[in-house]
Amino acid sequence: MTIKTLTMGKANLEVFAATLMELADKDSNILAATSDSRGSGKLGPFGEKFPEQIVEVGIAEQNLVGVSAGLASAGKNVFAVSPACFLSARALEQVKNDVAYSNQPVTLVGISAGVSYGALGTTHHSTHDVAVFRAIHNIQVVVPADNYEAREAVIAASKSKVPIFLKFGKKPMPNLPRLENTFEIGKASTICEGGDVAFIACGETVALAYEAALLLEKEGIQAEVISMHTVSPLDSEKVVETAKKCRAIITVEEHSVNGGLGEACASILMQEKLYVPFKIVGIPDEDTVTGSQTEILNHYGISGDGLYRTAKGLL
Amino acid sequence: MYRGETILSGGIRKENSLAMSQYTDLELQLKSVKYRKALLKYIKLANAGHTGGDLSCTDILNVLYNDVLGVTPENFAIRHRNRFVQSKGHSVEALYVVLADKGFFPESDLETMCQYQSKYVGHPTRKVKGIEFNTGALGHGLSIAAGIALAAKMDKTENYVFTLLGDGELAEGSNYEAAMMAAHYKLDNLVAILDHNTLQITGRNREVCSPYPIDEKFKAFGWEVVSVDGNSIPELRKVFHELPAEKSKPTLIIANTVKGKGVSYMEDEKKWHHGVPSDEQYKQAMDELDALEKKLVKHSIVN
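These numbers come from a predicted model, not from an experiment.

### Here's the deal with the overall build of chain B
Consideration 1: Scanning chain B for helices and strands turns up nine helices and seven strands.
Consideration 2: Relative to the 2.2 N^0.38 estimate, which gives 19 Å for 303 residues, the radius of gyration of chain B is 18 Å and therefore close to what a compact globule would have.
Consideration 3: Projecting the C-alpha coordinates of chain B onto the three principal axes gives extents of approximately 55 × 45 × 45 Å.
Consideration 4: Across the 303 residues in chain B, those meeting the buried criterion constitute 51%.
Consideration 5: Sequence-distant contacts, at least 24 apart, represent 78% of the contacts inside chain B between residues at least 6 apart.

The structure is reproduced here in structure tokens:
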């Protein structure tokens, strides 16, 4: 099997928008709040079908989050949708105080996350968001891998009583296999099993890890691929279990190597005295290279081939 | 409430959805003296607090909670209650004292304020019953209040949302994002009250980084702007009970106040922004407030 034999789905962002429409159709309390971002959030049809359920604040991310917190406190089920780069930086104090500290169950939806905006450059990249939100109490961080996880995450967020940050890319994603078709925030999903090396990945990089696993399989190396869709709270049991089962661990994320999934896993492993060969693959601490999303990821070894080579080097 | 409901227990129905108490102006003036004495007591005990701003906004909080909001511990869970978000969170001591008086918690709890493991933090927190939002970082309350007001419009309820802003706080740009959006959505159930004491920690607003003209700025954003003496109980009562100041527009009430109001040596002095009185100063403050109380009572008897 190759990654190409998997069926191709839509962009996770499109699945988010479609799922939100389904939910909004059943519940008029569900609102989409946007900062002139309904187009990039694929919420044009939502706005047309539910004009009473879309709140537009213009290009004002701080106000977007503050208003969303106010709406939530008055009983509305709000999805605040804005490019992840602005939502997680410009509006950070509102996320910290109005949403997380005030415990308002707003779902913050960071769109075109990671380096999805490619050559638009660092202003538009969000390779810091997971690190920032991990350090804030009372906000869950969920980075779905494929269409299935995207849909399930949106449904779970709509029922949640706590603040959540959802992070979506805009590239069409393959529909990944998984051992069990279940989704629960805080519980990792196993995509495939293997005892030689494990890839613990999140978001769009899970498909790349799976591609690497297929390349390794051709050489008789059994790789486990885990979708750690919830980076906070991290499924630490799964990390420990994986370290005990596999000879090496590679974490993969479309995020800075500082403060993201990789360091979260490393922290657990060190404190549990599980000293397996370990490598964090992500965006390094440097001026990010110019290119499309795929070119940037390839440049830093966040690709099927790059991860294959990292695994070979580690084993 | 929304016409016909009973959220405003003890209140009298008026043209708008706001409570109107049976308190006389004198009774409310006496409450202000009581609140000022209490907040100074707990600031002294905690050896911390934002004294000047507490004293400038005491009358505003008094009128809001005793004559306007109609919120009580019993009705606080009602979704479309009238709400108050204290954007200038540093004046929390005044808010705590008023909430205690309204029965949200025993006033003696405030003896723990700012102490190790106390839930009475130095800025508003929802750990304390009666507090709507965790505030203290400036420039947040107006957006939050606009969101609540928008929800009320969506649900076609008639509750009002109030927020109290500091004048130094007006330098925070997020206020203007919220001001623009509130006018766009015609949130005439949104009322921002500016505690216009003209001082911030560094000095006179006008000299630090001038926010003026405040009225023209907000009018340009599409707000209705009214000015009152923010330390006058009758003036405050009147302005609140004439809401909305204009249909389809949010209202800014510029409440002209005196920082440190009620204590002679604190009045209009920037050093009392977060000053804690010495034992001697504390006694003088209490003596002055006691004298004011006696004067108010005597005046009422004479009249």
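After that view of the structure, there is still more to cover.
### Section: the UniProt feature "domain: Transketolase-like pyrimidine-binding" (unreviewed entry) in chain A
Consideration 1: Per the UniProt entry, the sites bearing "domain: Transketolase-like pyrimidine-binding" (unreviewed entry) are residues 10–175 of chain A in this numbering.
Consideration 2: Summarising residues 10–175 of chain A: 40% helix, 19% strand, and an end-to-end C-alpha distance of 9 Å.

### What to know about unusual backbone geometry
Consideration 1: For the bond from S232(A) to P233(A), the omega torsion is 0 degrees, close enough to zero to count as cis.
Consideration 2: Note on placement: P233(A) falls in the loop between β12 (230–232) and α9 (236–245).
Consideration 3: The phi dihedral of Q117(B) falls on the positive side, at around 70 degrees, and the residue is not glycine.
Consideration 4: With respect to the secondary-structure elements, Q117(B) resides in the loop between α3 (92–101) and α4 (141–154).
Consideration 5: Overall, the presence of 5 C-beta atoms within 10 Å leaves Q117(B) in the exposed class.
Consideration 6: Although it is not a glycine, S248(B) adopts a positive phi angle of roughly 70 degrees.

### Remarks on the domain arrangement of chain A
All names here are of chain A.
Consideration 1: What the domain assignment lists for chain A is domain 1 (3–173) and domain 2 (177–314).
Consideration 2: Centre-to-centre, using C-alpha coordinates, domain 1 lies 24 Å away from domain 2.
Consideration 3: With 29 residues of domain 1 at the contact, the number on the domain 2 side is 33 residues.
Consideration 4: The set of elements that each furnish at least two residues to the side of domain 1 that touches domain 2 consists of α6 (129–134), β6 (140–142) and α7 (147–159).

### Here we look at the interface of chain B and chain A
Consideration 1: Taken together, the 19 residues of chain B in the interface contact 23 residues of chain A.
Consideration 2: For the side of chain B that touches chain A, the secondary-structure elements that each account for two or more residues are α4 and α5 (174–184) of chain B.
Consideration 3: In the side of chain B that touches chain A, the residues fall into eleven nonpolar, five polar and three charged.

### Re the sheet that holds strand β5 (residues 107–111) of chain A
Residues and elements named next belong to chain A.
Consideration 1: Taken together, the seven strands give an open sheet; going across it, the order is β3-β2-β4-β5-β7-β6-β12, and neighbouring strands pair in mixed fashion. On the outer flanks of this sheet lie β3 (54–56) and β12, each paired with one strand and no other. For this sheet, the mean inter-axis angle between neighbouring strands, taken without regard to orientation, is 20 degrees.
Consideration 2: As paired strands, β6 and strand β7 (residues 164–167) are joined by three bridges and run parallel to one another. Residue pairing in the sheet places V141 in a bridge with F165 of β7.
Consideration 3: In this fold α7 packs onto β2 (30–34), β4 (77–83), β5, β6 and β7, with an angle of close to 165 degrees to the strand it touches most, β7.

### A short note on helix α8 (residues 233–241) of chain B
Consideration 1: The complete set of buried residues in α8(B) reads I233(B), L236(B), R237(B), V239(B) and F240(B).
Consideration 2: Contact partners of the buried residues in α8(B): α1 (25–46), α2 (51–68), β6 (224–229) and β7 (251–256) of chain B.

### What to know about the UniProt feature "domain: Transketolase N-terminal" (unreviewed entry) in chain B
Consideration 1: The UniProt entry lists residues 40–280 of chain B under the feature "domain: Transketolase N-terminal" (unreviewed entry), expressed in the numbering used here.
Consideration 2: Along residues 40–280 of chain B one finds 35% helix and 13% strand; the C-alpha atoms at either end are 13 Å apart.

### Points about the pairing of β7(A)
Residues and elements named next belong to chain A.
Consideration 1: Covered by surrounding structure in β7 are I164 and L166 together with F165 and K167, the residues of both alternating faces.
Consideration 2: Relative to β7, β5 is paired through four bridges, and the arrangement is parallel. Looking across to β7, one finds that G110 is bridged to K167.
Consideration 3: Between the parallel elements β6 and β7, the chain passes through α7 in a crossover that is right-handed.

### A word on the pairing of β5(A)
Consideration 1: Most of β5(A) is tucked away, with five of its five residues classed as buried.
Consideration 2: Residues T107(A), V109(A) and I111(A) of β5(A) are buried on one face, and the alternating residues L108(A) and G110(A), pointing to the opposite face, are buried as well.

### Quick notes on the confidence of the model for chain B
Consideration 1: The pLDDT averaged across chain B works out to 93; a share of 94% of its residues lies at or above 70.
Consideration 2: Note that residues 1–15 of chain B has pLDDT below 50 and, in this model, 25 contacts with residues that lie over four places away or in other chains.

### Details of α3(B)
Residues and elements named next belong to chain B.
Consideration 1: Along α3, nine of the ten residues are buried, which leaves the element largely enclosed by surrounding structure.
Consideration 2: Residues of α3 that are buried make contact with α1 and α2.
Consideration 3: Where α3 terminates, the next one or two residues include G103, which has phi positive at roughly 90 degrees.

### Focus on the packing of helix α1 (residues 12–26) of chain A against α7(A)
Residue and element names in this part refer to chain A.
Consideration 1: Viewed as axis vectors pointing N to C, α1 and α7 meet at an angle of 40 degrees, and their least axial separation amounts to 9 Å. In terms of axis orientation, α1 runs oblique to α7. For α1 against α7, the interelement crossing comes out right-handed. Contacts between α1 and α7 involve N12, V15, F16, T19, L20 and L23 from the former and N147, A150, R151, V154, I155 and S158 from the latter.

Basis of the calculations
Residues numbered from 1 in each chain as written. Chains lettered and ligands numbered in written order. Predicted model: local features only at pLDDT ≥ 70, side-chain atom pairs only at ≥ 80, totals over all residues. Helix = DSSP H or I, 4+ residues; strand = E, 2+ residues; numbered from the N terminus. Rg over C-alpha atoms; globule rule 2.2 N^0.38 Å. Buried ≥ 20, exposed ≤ 12 C-beta atoms within 10 Å, placed from the backbone. Contact = placed C-beta atoms within 7 Å. UniProt positions renumbered as here; feature names shortened; annotations may be inferred. Domains from an automatic or database assignment. Nonpolar A, V, L, I, M, F, W, Y, C, P; charged D, E, K, R; others polar. Pairing = 2+ DSSP bridges. Axes fitted to C-alpha atoms, helices over the stretch in contact; angles between N-to-C directions. Right-handed = clockwise from strand over helix to strand, strands pointing away. pLDDT = per-residue confidence, 0-100. Parallel < 35°, antiparallel > 145°, perpendicular 65-115°, else oblique. Left-handed = near helix turned anticlockwise from the far one by under 90°.

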